[in-house]
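# Observations on the three-dimensional arrangement
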Amino acid sequence: MSRFDLRGIGMTSQRTRDRLVVRLRERGIENERVLGQVASIPRHIFIDEALAHRAYEDTSLPIGHGQTISQPFIVALMTQLLLEVNPLRVLEIGTGCGYQTAILAQLCRKIFSIERIDALHPGAKERLNALGLRNAVTKVGDGYEGWAVHAPFDGIIVTAAPTEVPPELLNQLAEGGRMVVPVGIDGVQQLKVIDRTPDGFVTHLHEQVRFVPLVAGTSAE
Ligand code: SAH
């Protein structure tokens, strides 16, 4: 049996999840498939028990090792932007606790996800298994390098912020594919949507966001 309570924290869980969906709708998330996953994926299993009662608030929360689980609105927004190109194979940089990975696993054929902190990887893997998401493949590695053996990807989602778009990730993006990436320095980052067209890369700017930095190399911490 799984050590995770997949049903939820008490009887109120489905109601609090539904309330989160209402809030995301109000903030402009329109993709029903994305909203459906926010309603069905149990976010509380991705968070330490002491904070689980806050799991369905629209806020980022600490997951240890100086990292966070992303805010549901940002997860939903980035997923919505990525789905506009109907990606089959997606690369995620920054697995963290695995929440974004789980949402994407339900919405695309195969998701590859890379995390640089060794200590975060087993937990993420265990949660994805507990949810039965066998199309999610994870590894410890440096996201700046991408995952060349599985490239090209129709979609790349970067969930930590580099100061410049990593060139190797651009190389691994398929023609017709899209990358969603926050770019900038600490605290002032801009969400960029980069499409690879037959004529080259086309970039669109979206809102200001706040992510932990994308750090080169791996860590056994
Ligand atoms: N996708 C997560 C977000 C986790 S926060 C979610 O759904 O909540 C961002 C994660 O990116 C952190 O776990 C951090 O360790 C990781 N990260 C930072 N730099 C990285 C790199 N170069 N390669 C891979 N992961 C990286």
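Refer to the structure printed above.
Position labels on residues start from 1 in each chain and follow its written sequence. Reporting of local features is limited, given that this is a predicted model, to residues whose pLDDT is at least 70; pairs of side-chain atoms are given and counted only at 80 or more, and all residues count toward the totals for whole chains, interfaces and linings. Calculation of side-chain values draws on the structure's entire complement of heavy atoms; hydrogens and water are dropped beforehand.

### Notes on helix 2 (residues 32-40)
The rule is simple: take the accessible area with a 1.4 Å probe, protein chains only, and divide by the maximum for that residue type; under 20% is buried, over 50% is exposed, in between is partly exposed. Runs of E in the DSSP output that reach at least two residues are strands. Runs of H or I that reach at least four are helices, and both are numbered from the N terminus. Listing the buried residues of helix 2 in full gives Val34, Leu35, Gln37, Val38 and Ala39. We call two residues contacting when some pair of their heavy atoms lies within 4.5 Å. In this structure, the buried side of helix 2 is in contact with helix 1 (13-26), helix 3 (72-83) and helix 4 (99-107). In the analysis that follows, any N or O atom pair within 3.5 Å is treated as a polar contact, provided that within protein one partner can donate a hydrogen and the other can accept it, and provided that, for residues neighboring in sequence, both atoms belong to side chains. Its side-chain oxygen placed 2.8 Å from the backbone nitrogen of Arg33, Asn31 serves as the N-cap of helix 2.

### Focus on the environment of Gln67
Inspection of the secondary structure puts Gln67 in strand 2 (residues 67-69). Overall, Gln67 belongs to the partly exposed group, its relative accessible area being 22%. As for Gln67 and Val202, which are separated by 135 residues in sequence, their C-alpha atoms are 31 Å apart. If we skip the residues at most four places from it in the chain, Gln67 touches Leu61, Pro62, Ile117, Leu120 and Val212.

### Here's the deal with the packing of aromatic side chains
Centres within 6.5 Å make a pair out of two Phe, Tyr or Trp rings, where for Trp the six-membered ring is used; the pair is then stacked when the planes are under 30 degrees apart, edge-to-face when over 60, and tilted otherwise. By the definition in use, this model includes 3 aromatic pairs. With a centroid separation of 5.6 Å and an interplanar angle of 75°, the aromatic rings of Phe112 and Trp147 are classed as edge-to-face. Of this pair, Phe112 sits in strand 4 (residues 110-115) while Trp147 sits in the loop between strand 5 (136-140) and strand 6 (153-158), placing them 35 residues apart in sequence. Overall, Phe112 belongs to the buried group, its relative accessible area being 2%. On the basis of relative accessibility, which here comes to 9%, the residue Trp147 falls in the buried class. When the centroid spacing of 5.7 Å and the interplanar angle of 65° are considered together, the rings of Phe112 and Phe153 count as edge-to-face. Note that Phe112 is positioned in strand 4 and Phe153 in strand 6, a separation of 41 residues in sequence. What makes Phe153 buried here is its relative accessible area of 0%. Ring pairing ties together the aromatic residues Phe112, Trp147 and Phe153, which thus form one cluster. Across from the ring centre of Tyr99, 5.5 Å away, lies the NZ or CZ of Arg43, which sits over that ring. Either the NZ atom of lysine or the CZ atom of arginine qualifies as a charge over a ring when it sits within 6 Å of the ring centre and within 35 degrees of the ring normal.

### Thoughts on unusual backbone geometry
In this structure, Pro152 follows Ala151 across a cis peptide bond, with omega equal to 0°. You can see Pro152 is positioned in the loop between strand 5 and strand 6. For His65, which is not glycine, the phi dihedral falls at a positive 55°. Counting through the fold element by element, His65 comes out in the loop between strand 1 (61-64) and strand 2. In the Ramachandran plot, Asn86 falls in the positive-phi region, its phi being about 45° despite a non-glycine side chain.

So yeah, pure geometry; function would need other evidence.
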